[in-house]
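What follows is the residue order along each chain.
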Amino acid sequence: MLPDPTVPASLLAVLTFLRGCFTTPTFATFAALVTGLIAQTGRGTVTGMLTGAGLTRTWSHDRAHAFFSRASWNPDLLGISLSHLIVRQLLPADIVLTLAVDDTLFKRRGKKVFGAAWQHDGAATGPYGVGRGTCFVVLGLVVDLPFLSRPVCLPVMARLWRPGQEVSKVDIAASMVRLLAACHHGRRVHVVADAVYHGKALRDLPATCTFTTRLPSSSVLFALAPPRTGKRGRPALKGTRLGTPAQLAATADFAPVRVTRYQRTDTVHLAEVTCLWYGSFHTRTVRVILLRDDTTDTGYDLALVTTDLTSSPAELITRYATRWSIEVTFAEARSILGAGQAHNRTRTAVERTVPFGLYCYTITVAWYALHGHHPGDVAEHRDRAPWYTTKTDPSLSDMAAKLRRVIIAARFMPTRPGQPTEQEIRTVQQAWAAASADAAA
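The paragraphs below set out a description of the structure included in this document. (Residues numbered from 1 in each chain as written. Predicted model: local features only at pLDDT ≥ 70, side-chain atom pairs only at ≥ 80, totals over all residues. Heavy atoms only, no water.)

A closer look at the overall build of the chain
Within the chain, the regular secondary structure consists of 14 helices and 12 strands. Considering only C-alpha atoms, the chain reaches an extent of 95 × 50 × 45 Å along its principal axes. Just so you have it, the chain exposes about 21,900 Å², and 54% of that area is on carbon and sulfur atoms. Here the chain holds 49 positive side-chain charges and 32 negative ones, and the gap between their average locations is 8 Å. (Helix = DSSP H or I, 4+ residues; strand = E, 2+ residues; numbered from the N terminus. Areas by Shrake-Rupley, 256 points an atom, 1.4 Å probe, with all protein chains shown as cover. Lys, Arg positive; Asp, Glu negative; His and termini not counted. Charge placed at Lys NZ, Arg CZ, Asp CG, Glu CD.)

Shown next as structure tokens:
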């Protein structure tokens, strides 16, 4: 059993939605480690989670390590349960789901870390764009919350990808999309991804799913297959060669359209072509949307390809722009919650710890939306930091800080049985003295 004040009641109310993924003892460990990772302001290691939960003198650290390396739970099933929590509690009924797919590298050292290798790092600051670590393909639900003016991406699935294995990043992404679509049977699902995600694996997505990605400049497009002639022989699977996106843009008719993206509404020029991208989607009809920011320019600034044949070009541009929210999620999950900082090395532990850290991001936002948000939060922040004159929305750091205050308050409730010990009183007095000395200096 957990010590009574370890997990606040409001956070436990959110975690209860996920109880079915664990046994009773494992759920207690899960709830404590979630609380510890969110409360921890230092390194997000496994022992750091114990420190953040205030359980270093109560539990052996092996209990926390065993949760990731030996306990019986599945990260995919936990993510599916999280997705149901989001859909049922944070989204309007029967809304179309928008999913963002991307991969990111979590830097790791050590020769014995499973899956760690030198590979592409999109967040690298050096000239080479590589780093050593473990790469995870992440699937997140893009949601609009009433207290945010921008969409937020909430991770609901993450799988390890290793260089040199037969399964590609696109294969992993397609597998996760199929699983999530099956678990939300009957719902329409729109998937957005960057230019890396295209290929044969995407041909077999469910009929309820559409896929929108950036079209590589080297792609070759074809007209739709001509009607059958009735003659003997195999019918043609594709029409005449239309060329690359640049060749399409040279002859396309662009029209001005008002488009909302990145919290702005601008007039851009769009052209649309219905065709085949035979190399990736084979005979499935796709649409290519070409965007040009300035009508005086030639060529195009953005080319999208989509299997969505009904949405307007402006809606597709807006939807694709929400893909950036997953990049924000990666940065915030690393810097604020310490996702990916655990030092475990075995295969099972490595495959579980990063998804766990990303799910804590989703849990933090879900807790804030259901129990923590107050209309005066932003005004309070601006009172404390008046230089943020343009701040209108709570950030993840605001949400995490508020949840941390709730966690601390739960540990020091006046209803806590027993009186503080002499050592606890001295520790608080020493902290006050140190704070006074810093202020005087």
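Section: the pairing of strand 5 (residues 189–193)
Most of strand 5 is tucked away, with 5 of its 5 residues classed as buried. Burial along strand 5 is two-sided: the face carrying Val-189, Val-191 and Ala-193 and the face carrying His-190 and Val-192 are both buried. Relative to strand 6 (residues 209–214), strand 5 runs parallel, the two sharing 5 bridges. Looking across to strand 6, one finds that His-190 is bridged to Thr-210. (Buried < 20%, exposed > 50% of the residue type's maximum accessible area, 1.4 Å probe, protein only. Pairing = 2+ DSSP bridges.)

Here we look at helix 2 (residues 24–39)
With 16 residues, helix 2 ought to run about 22 Å at 1.5 Å a step, and its terminal C-alpha atoms sit 23 Å apart, in line with that. With 14 of 16 residues buried, helix 2 lies mostly within the body of the structure. (Expected span 1.5 Å × (residues − 1).)

Thoughts on the pairing of strand 9 (residues 255–261)
Remark: a regular strand shows side chains that alternate across the two faces of the sheet. Summarising the sheet, strand 9 and strand 10 (residues 264–276) pair through 7 bridges and their orientation is antiparallel. In the sheet register, Arg-261 faces strand 10, and the bridge partner there is Arg-264. From the end of strand 9 to the start of strand 10, which pair antiparallel, there are 2 residues, and Tyr-262 there has a positive phi angle of about 50 degrees.

With respect to the pattern of salt bridges
Applying the stated criterion across every chain yields a total of 14 salt bridges. Notably, a salt bridge pairs Asp-266 with Arg-264, separated by 3.2 Å at the nearest N-O pair. The exposure class of Arg-264 is exposed, given its relative accessible area of 54%. Of the charged contacts, one joins Arg-287 and Glu-272 as a salt bridge, the two residues approaching to 2.8 Å between their closest N and O atoms. Here Arg-287 is found in strand 11 (residues 285–292), whereas its partner Glu-272 is found in strand 10, with 15 residues between them in sequence. Glu-272 gets classed as partly exposed once you look at its relative accessible area, which sits at 40%. (Salt bridge = Lys/Arg side-chain N within 4 Å of Asp/Glu carboxyl O.)

Section: the nonpolar core
Counting residues in each nonpolar core, the largest one holds 119 residues, and the members touching the most others are Leu-15, Phe-30, Phe-67, Phe-68, Val-101, Phe-356 and Ile-363. Take this core: its biggest share by element is 13 residues, from helix 11 (residues 347–372). Discounting chain neighbours no more than four positions away, the residues touching Leu-15 are Val-7, Phe-27, Phe-30, Ala-31, Val-34 and Ile-363. (Core = buried A, V, L, I, M, F, W, Y, C linked by side-chain atoms within 4.5 Å. Contact = heavy atoms within 4.5 Å.)

Honestly, it's all geometry; don't read function into it.
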